[in-house]
Amino acid sequence: MPQTRLPVSDGCLHVLRYFQSSAHLGERLVVLVAGKTKAGKTYFTRMLSEFLALEEICVSVIGCDNYFLDIDDRKIPRDSRGYVVFDHPDSYHRDEIIVAINQLVFGLAVFVPGYDLARNMRVRQNGKNVFPEKVIIVDGLFAIDLAPEIETQRVLKIYIDT
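Residues numbered from 1 in each chain as written. Predicted model: local features only at pLDDT ≥ 70, side-chain atom pairs only at ≥ 80, totals over all residues. Heavy atoms only, no water.

Describing the side chain of Ser 60
Inclusion rule: Runs of E in the DSSP output that reach at least two residues are strands. Runs of H or I that reach at least four are helices, and both are numbered from the N terminus. Exposed residues in this analysis have more than 50% of their type's maximum accessible area, buried residues have under 20%, and partly exposed residues fall in between, with area computed by a 1.4 Å probe over protein chains only. Pairing of N or O atoms within 3.5 Å defines a polar contact, subject to two protein rules: one partner must be a possible hydrogen donor and the other a possible acceptor, and residues neighboring in sequence count only if both atoms are side-chain atoms. Contacts are residue-level and defined by heavy atoms, with any inter-residue pair within 4.5 Å sufficient.
If you trace the backbone, Ser 60 turns up in strand β2 (residues 59-63). Accessibility expressed as a relative area gives 2% for Ser 60, which makes it buried. Reaching out from Ser 60, the side chain makes a polar contact with the backbone oxygen of Phe 131 at a distance of 2.4 Å. There is a polar contact of 3.0 Å between the side chain of Ser 60 and the backbone nitrogen of Glu 133. Those residues in contact with Ser 60 that lie beyond four places of it in its chain are Leu 104, Val 130, Phe 131, Pro 132, Glu 133, Val 135, Ile 136 and Ile 137.

Have a look at this one:
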């Protein structure tokens, strides 16, 4: 699929048109929103959710940040000085997020863990239940990399660049 630069409003409209054009397939649409740190992924996700709500299309939203490894996990990537590198695909529980996305695709609710960015650890009481909707938006640095493991043909990849 060709890459196109669009403003946020046009990006939302593009997702709506894609959703409408393939709605006859009956599957949920998974929208993967990726991009660099502070590029506006969460902002776009919020704007897209609000835009689709105006069209009476409900969405499920999962943030990859909720799946970061705890800072004391031995598997978390570190640089040569020992500092944690969160901007790395191995810095989060990839398998867990894929399971959550696929459960939503198949119509099952999921519990998304909470993550305390100040303490760099999961906080269960801050988690939330996410229910399956027609559109599932996944927001994260490496969200696009999850596409091959999502069990639906309706996957739209969006990369936010500043």
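A look at the sheet that holds β2
Selection rule: Strands qualify as paired when DSSP identifies two bridges or more between them. Angles shown run from 0 to 180 degrees and are taken between the N-to-C directions of axes, each axis being a line fitted to C-alpha atoms and, for helices, limited to the stretch in contact.
Across the sheet, four strands lie side by side as β2-β5-β1-β6; this open sheet has parallel pairing. Unpaired on one side and paired on the other, β2 and β6 (155-160) mark the two borders of the sheet. Between one strand and the next, the sheet's axes are offset by a mean angle of 20 degrees, whatever the strand orientation. Pairing geometry for strand β1 (residues 29-35) and β6, over six bridges, is parallel. Each bridged residue has a counterpart across the sheet, and for Ala 34 the counterpart in β6 is Tyr 159. Against the sheet, helix α2 (residues 41-54) touches β1, β2, β5 (135-139) and β6, its axis set at about 165 degrees to β5.

The values reported here are purely geometric and, on their own, carry no functional implication.
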